[in-house]
Amino acid sequence: MADVSMEEARARMIAKRFGGNAAGASTGGEGTARRKKKASTKATSNDDKKLSSTLKKLGVAKIDGIEEVNIFLEDNNVIHFARPQVSAAVQSNTFVVSGNNVTKPMEQLLPGILNQLGQEGVQKMLQSMSAMAGLAGAGAPGAAAADGDDDDVPDLVENFEDASEK
């Protein structure tokens, strides 16, 4: 008997909440009220508005014609912006770089960024390359195979030309 009262209570709750149809509650379709106004979505967040208002207070002006921006990190990585939006406030020595970025190792961008490195960057790159060369000579797997440790390849025993003539 407790089960029947529980089912009845559940049916009454569904009927009250969803408009009287306890068997199958309908929330849309034929016979329901039409929506008057489409719900609008917010495109910009409050952080973007605060940032843009702060930048306007600094007197930031947009700089056009910059194709890429590279920010060099201490660990030989580069934050690379392709087609960034760059703004600057020269009087406050402030530059704003925004856009899609990718963090890459310096070796991937090397041919194109040599003129951007400067004296310290070139010295740092040479030090890292010499360290890599020292590691390659000390215990790299390629060095061990060149020394004659090639057990996987059998020695040549007979002449292949003679065998092909037979």
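Use the structure listed above.
For clarity, every value in this text was computed on a predicted model and none was experimentally measured. In this numbering scheme, every chain counts its residues from 1 along its sequence in written order. Side-chain atom pairs in this predicted model are given and counted only at pLDDT of 80 or more, local residue features only at pLDDT of at least 70, and totals for whole chains, interfaces and linings cover all residues. Heavy atoms from the whole structure form the basis of all side-chain values; hydrogens and water molecules are not counted.

J.: Give a description of the sheet that holds strand β6 (residues 101–105) that names residues and reports values.
T.: Taken together, 3 strands build an open sheet; the order of strands is β2-β3-β6 and the sheet is antiparallel. Where the open sheet ends on each side, the last strands, each with one partner, are β2 (68–72) and β6. For this sheet the average axis-to-axis angle between neighbouring strands, irrespective of direction, equals 25°. Think of it this way: DSSP has to see at least two bridges between two strands before they count as a pair. Where helices and strands are cited, they refer to DSSP runs of H or I of at least four residues and of E of at least two residues respectively, numbered from the N terminus. Where strand β3 (residues 77–82) meets β6, 5 bridges bridge the pair, whose relative direction is antiparallel. To obtain an axis, a line is fitted to C-alpha atoms, over the contacting stretch when the element is a helix, and the angle between two such axes runs from 0 to 180 degrees between their N-to-C directions.

J.: Describe the sheet that holds strand β5 (residues 94–98), and please don't skip the residues or the numbers.
T.: Spatial ordering of the open sheet is given by β1-β4-β5, a layout of 3 strands whose pairing is antiparallel. Two strands close off the open sheet at either side, each with one partner strand: β1 (61–63) and β5. On average, each strand axis in the sheet is inclined to that of its neighbour by 30°, with strand direction left out of account. Bridge analysis of β1 against strand β4 (residues 85–89) gives 3 bridges, and the strand direction is antiparallel. Bridged to Ile-63 within β4 is Val-86.

J.: Which residues make up the pattern of salt bridges, and what values go with them?
T.: By salt bridge we mean one thing: a side-chain nitrogen of Lys or Arg within 4 Å of a carboxyl oxygen of Asp or Glu. The final tally for this structure, using the stated rule, is 1 salt bridge. With its nearest N and O atoms 3.9 Å apart, the salt bridge here joins Arg-10 to Glu-7. Residue Arg-10 and its partner Glu-7 are located together in helix α1 (residues 2–18), separated by 3 residues, close to a single helical turn. Judged by its relative accessible area of 44%, Arg-10 is partly exposed. Think of it in three bands: residues with accessible area under 20% of the maximum for their type are buried, residues over 50% are exposed, and the middle band is partly exposed, with areas taken using a 1.4 Å probe on protein chains only.

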